[in-house]
Amino acid sequence: MSERLQPGDTAPAFTLPDADGNEVSLAAHKGRKVIVYFYPAALTPGCTKQACDFTDNLDVLASAGYDVIGVSPDKPEKLAKFRDKENLKVTLVGDPTKSVLESYGAFGEKKLYGKVVTGVIRSTIVVDEAGKVEHAFYNVKATGHVAKIMRDLGV
């Protein structure tokens, strides 16, 4: 099981393909705060709710200096379908090898309907302008999570 990140840790670097197959890297966002959120799968109800919440609040977050990147194990084709179907504005990237999910502590054992399974742990990591972890939220709920983050960040 991968280690969970703590505030003050250096956020693991990553470069992953977005819905159009273009590379998105954390390093490209240096100097801005980044909300990196990890979700199990595109086109599922909870993940759709969460992505739509981020999209609905993107302007407010951006004006407060935050970029938002959603990471799932999905391939770019599925991410494009998800983005287009739900009219998402948030940047979605795919991590089919799950290496970035693991480096952020967002992949491992979790409880699902009372059973222990291995999978994506719905998590959100807030990275500061210098690339350090500012906040690390694990096992978050899809519904109401964006509002909670915004309260926690004072946005």
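Summary of the structure given here. Please read all numbers here as calculations on a predicted model, not as lab measurements. (Residues numbered from 1 in each chain as written. Predicted model: local features only at pLDDT ≥ 70, side-chain atom pairs only at ≥ 80, totals over all residues. Heavy atoms only, no water.)

## Considerations on the pairing of strand β8 (residues 123-127)
And then number 1: Most of β8 is tucked away, with 5 of its 5 residues classed as buried.
And then number 2: The alternating pattern of β8 places Ser 123, Ile 125 and Val 127 and Thr 124 and Val 126 on opposite faces, both of which are buried.
And then number 3: Summarising the sheet, strand β3 (residues 33-38) and β8 pair through 5 bridges and their orientation is antiparallel. Across the sheet, Val 34 pairs through a bridge with Val 127, a residue of β8.
And then number 4: Note that β8 and strand β9 (residues 133-138) share 5 bridges and pair antiparallel. Across the sheet, the residue bridging to Val 127 is Val 133, located in β9. (Buried < 20%, exposed > 50% of the residue type's maximum accessible area, 1.4 Å probe, protein only. Helix = DSSP H or I, 4+ residues; strand = E, 2+ residues; numbered from the N terminus. Pairing = 2+ DSSP bridges.)

## Digging into the environment of Lys 49
And then number 1: Along the chain, Lys 49 turns up in helix α1 (residues 45-56).
And then number 2: In this structure Lys 49 comes out as partly exposed when scored by relative accessible area, which is 36%.
And then number 3: Distance from Lys 49 to Gly 21, taken between C-alpha atoms, is 24 Å for residues 28 residues apart in sequence.

## Regarding the packing of aromatic side chains
And then number 1: All chains considered together, the criterion is met by 5 aromatic pairs.
And then number 2: Centroid distance Phe 38 to Tyr 104: 5.1 Å. Interplanar angle 40 degrees. Geometry classified as tilted. A residue pair is termed long-range when its members are at least 10 positions apart, and Phe 38 in strand β3 and Tyr 104 in the loop between α4 (99-103) and β6 (107-112) qualify at 66 residues. Of the two residues, Phe 38 and Tyr 104, neither departs from the other in class, the shared state being buried.
And then number 3: Of the aromatic side chains, those joined through ring pairs into one cluster are Tyr 37, Tyr 39, Phe 54 and Phe 82. (Phe/Tyr/Trp six-rings, centres within 6.5 Å; stacked < 30°, edge-to-face > 60°.)

## Focus on the side chain of Asp 95
And then number 1: As for its position among the elements, Asp 95 is in the loop between β5 (91-94) and α4.
And then number 2: Among buried Asp, Glu, Lys and Arg side chains, Asp 95 stands out as unpaired, with Lys 98 the closest opposite charge at 8.1 Å.
And then number 3: Reaching out from Asp 95, the side chain makes a polar contact with the backbone nitrogen of Val 100 at a distance of 2.9 Å.
And then number 4: Once you skip the residues sitting within four places of it in the chain, Asp 95 turns out to touch Leu 16, Val 71, Ser 72, Pro 73, Asp 74, Val 100 and Leu 101. (Lys, Arg positive; Asp, Glu negative; His and termini not counted. Salt bridge = Lys/Arg side-chain N within 4 Å of Asp/Glu carboxyl O. Polar contact = N/O pair within 3.5 Å; in protein donor to acceptor, adjacent residues only side chain to side chain. Contact = heavy atoms within 4.5 Å.)

## Points about helix α5 (residues 145-153)
And then number 1: Within α5 the residues assigned to the buried category are His 145, Val 146, Ile 149, Met 150 and Leu 153. Each buried residue of α5 lies within a common arc of 135 degrees when the element is viewed along its axis, so the set occupies one face.
And then number 2: In the segment just after α5, Gly 154 is the residue with positive phi, at about 70 degrees. (Arc of directions from axis to C-beta.)

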